[in-house]
Amino acid sequence: MRKLLIWLPLALFLGFIALFASGLFQPDDRIIHSRLVGQPLPAFTLPAAASDRPSLASAQLATGQPRLLNIFASWCVPCAAEAPQLDALKAAGVQIDAIAIRDARPDVDAFLKRNGNPYARIGLDARSEVQIALGSSGVPETFVIDGKGRIAYQHIGEIRADDVPMILDRLRAAQ
Amino acid sequence: MKLILLLFALIATPLAAQTALPPAPYADQQLADPALERKAKALMETIRCLTCQSQSIADSNASMAGDMRSQIRERIMAGEQPEAIRAWLIARYGDWVSYEPTAAPILWPLWAAPLVLLGLGVLLLRSRIKRKARS
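Residues numbered from 1 in each chain as written. Chains lettered and ligands numbered in written order. Predicted model: local features only at pLDDT ≥ 70, side-chain atom pairs only at ≥ 80, totals over all residues.

Participant: Is there a simple way to explain the overall build of chain A in this structure?
Facilitator: Broken down by element type, chain A carries seven helices and seven strands. Along its sequence from the N terminus, chain A presents helices and strands in the succession α-α-β-β-β-α-α-β-α-β-α-β-β-α. Relative to its length of 175 residues, chain A is extended, with a C-alpha radius of gyration of 22 Å against a globular reference of 16 Å. Taking the principal axes of the C-alpha coordinates as reference, chain A spans close to 80 × 35 × 30 Å. When contacts within chain A are restricted to residue pairs at least 6 apart in sequence, those whose partners lie at least 24 apart make up 76%. (Helix = DSSP H or I, 4+ residues; strand = E, 2+ residues; numbered from the N terminus. Rg over C-alpha atoms; globule rule 2.2 N^0.38 Å. Contact = placed C-beta atoms within 7 Å.)

Participant: Help me understand the nonpolar core, please; the structure alone is not making it clear to me.
Facilitator: In a soluble, globular protein the nonpolar side chains are often hidden away together inside. Counting 37 residues, the largest nonpolar core has F72, I99, A100 and I122 of chain A as the members making the most contacts within it. Contributing elements (two or more residues each) for this core: β3 (67–72), α4 (83–91), β4 (96–101), α5 (105–115), β5 (122–125), β6 (141–145), β7 (151–156) and α7 (164–173) of chain A. If we ignore the near neighbours within four places in the chain, the residues touching I122 of chain A are A48, A49, A50, R53, L56, A98, A100 and V108 of chain A. By size, the runner-up hydrophobic cluster in this structure holds 17 residues, among which are I132 of chain A together with L43, M44 and I47 of chain B. (Core = buried A, V, L, I, M, F, W, Y, C linked by C-beta atoms within 7 Å. Buried ≥ 20, exposed ≤ 12 C-beta atoms within 10 Å, placed from the backbone.)

Participant: What should I look at first to understand the domain arrangement of chain B in this one?
Facilitator: Frequently, the measure chosen for interface size is the accessible area that the parts lose on association. When cut into domains, chain B gives domain 1 (20–100) and domain 2 (102–135). Centre-to-centre separation of domain 1 of chain B and domain 2 of chain B, based on C-alpha positions: 38 Å. (Domains from an automatic or database assignment.)

Participant: Please explain the confidence of the model for chain B as it appears in this structure.
Facilitator: Fine structural detail should not be taken from predicted coordinates in areas where pLDDT scores are low. Residues and elements named next belong to chain B. In the predicted model, chain B carries a mean pLDDT of 86, and the fraction of residues at 70 or more is 85%. Within the model, pLDDT remains below 50 along residues 10–19, and this stretch shows one contact once partners closer than five positions in the same chain are excluded. For this predicted complex, the interface confidence comes out at an ipTM of 0.85, alongside a pTM of 0.81. (pLDDT = per-residue confidence, 0-100.)

Participant: Can you help me understand the interface of chain A and chain B in this one?
Facilitator: Every contact between the two is made by 16 residues of chain A and, on the other side, 18 residues of chain B. Across the side of chain A that touches chain B, the residue classes tally to six nonpolar, five polar and five charged. (Nonpolar A, V, L, I, M, F, W, Y, C, P; charged D, E, K, R; others polar.)

Participant: I'm lost on helix α3 (residues 63–77) of chain B in this one. Help?
Facilitator: Each α-helix winds once per 3.6 residues, and so residues spaced three or four apart point in a common direction. Here α3 of chain B spans 21 Å end to end across 15 residues, near enough to the 21 Å set by a 1.5 Å rise per residue. The buried fraction of α3 of chain B is high, at twelve of 15 residues. Within α3 of chain B, the full set of buried residues consists of S63, M64, A65, G66, D67, M68, R69, S70, Q71, I72, R73 and I76 of chain B. Buried residues belonging to α3 of chain B abut α6 (129–133) of chain A together with α2 (34–44) and α4 (82–93) of chain B. (Expected span 1.5 Å × (residues − 1).)

Participant: How should the pairing of β3 of chain A be read in this particular structure?
Facilitator: Where a strand is regular, its side chains alternate between the two sheet faces. All names here are of chain A. Across the six residues that make up β3, a large majority, six, are buried. Burial along β3 is two-sided: the residues R67, L69 and I71 and L68, N70 and F72 are all buried. In terms of strand pairing, β3 meets β6 through five bridges, oriented antiparallel. Across the sheet, the residue bridging to N70 is T142, located in β6. (Pairing = 2+ DSSP bridges.)

Participant: It is not clear to me how the sheet that holds β4 of chain A should be interpreted in this structure. Could you clarify?
Facilitator: Each strand in a sheet pairs with another by means of backbone hydrogen bonds, the pair being arranged parallel or else antiparallel. All names here are of chain A. Read across the open sheet, the five strands follow the order β5-β4-β3-β6-β7; overall the sheet is mixed. In the strand order of this sheet, the two ends are held by β5 and β7, each with one partner. Looking at each pair of strands side by side, their axes are set apart by 20° on average, direction ignored. (Axes fitted to C-alpha atoms, helices over the stretch in contact; angles between N-to-C directions.)

Participant: Quick question: what am I supposed to make of the packing of α2 of chain B against α4 of chain B here?
Facilitator: Packed helix pairs are specified by the crossing angle of their axes together with the interaxial distance, meaning the distance between the axes. Residue and element names in this part refer to chain B. At a closest axis distance of 10 Å, the pairing of α2 and α4 adopts a crossing angle of 30°. Here α2 lies roughly parallel to α4, going by the angle between them. Our pair here, α2 against α4, has a crossing hand that is right-handed. Residue-level contacts link K39, A42 and L43 of α2 to P82, I85 and R86 of α4. Its residues assigned to classes, the contact of α2 with α4 shows four nonpolar, no polar and two charged. (Parallel < 35°, antiparallel > 145°, perpendicular 65-115°, else oblique. Left-handed = near helix turned anticlockwise from the far one by under 90°.)

Participant: So what exactly am I meant to see when it comes to the environment of L61 of chain A here?
Facilitator: Residue and element names in this part refer to chain A. Tracing the sequence through the fold places L61 in the loop between β2 (56–57) and β3. Looking at L61, the number of C-beta atoms within 10 Å reads 25, which means it is buried. As for L61 and Q95, which are separated by 34 residues in sequence, their C-alpha atoms are 9.7 Å apart. Not counting residues up to four positions away in its chain, the partners in contact with L61 are L41, R67, L69, D97, I145 and G149.

Participant: I tried to follow unusual backbone geometry on my own but got confused; where do I start?
Facilitator: Trans is the prevailing form of peptide bonds, just as negative phi is the prevailing case for residues other than glycine. All names here are of chain A. With an omega of -10°, the peptide bond between V139 and P140 qualifies as cis. Following the sequence through the fold, P140 ends up in the loop between α6 and β6. Residues other than glycine seldom take positive phi values, yet R102 does so here, at roughly 45°. Mapped onto the secondary structure, R102 falls in the loop between β4 and α5. Positioned with a positive phi, S128 is a non-glycine residue whose angle comes to about 60°. The class for S128 is buried, based on 27 C-beta atoms found within 10 Å.

Right under this line is the structure:
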């Protein structure tokens, strides 16, 4: 017993080395997913963020048809990069609404003029309140909302060209 | 003339640099009631910033952390309890968002560790004392 016990510190030491090594070599996943996936959208009403698009309320997202809710901001660079993909989704017949985070109307107008406007409605979340209520941790993010107004899927980061078929699949699955 | 130009330069630079909005009202402003401010501050120090993930929102300059601070102060001012706000945030971001350890089963070893170490220490001490007494 005593003889075995002598090896205990060494075993503990090697155990720690193994723990730290696995932490070093594991890919670092720092993406924080919303816990609200599968649950109804929190209720919100937002003023209009753009001059030529109406305002957005959560009730307008439960229409019996799955749709996309895009979280973006005029100051966000990857949001401009995903514009062509949103256009492609719109061309495929997808309804896309949006929430502009920490933004101002002239900035949103300029952003949409520059990058195109695939949105039906755009709400202005000037103080990130709805973003926090959604469990979203950054821009851009895209939520798939099913016909009953539940969050079916959360896409974190910009939509890349090869994400488009997957998003369309998610929308079909949310039917 | 030079003075006027200088004044213009002073005014123009901050405006040009301001791409986003000014911070939310209570992002960097304390509550008037010190007791409420203490409550809010204690909560903010244990809520993790989503943008700079190893800082609390009390320490972070990220705009989202500022918005969260403002929201927490406003909700405390409206009479909400800090633990209710923490639970509301955990329901959205998971246990990850809170620095306060919970009593979830995965953390039982953490809570048990001091007792186990203390127990081991007592055992070790007892065997040493016994051996000393024998010799």
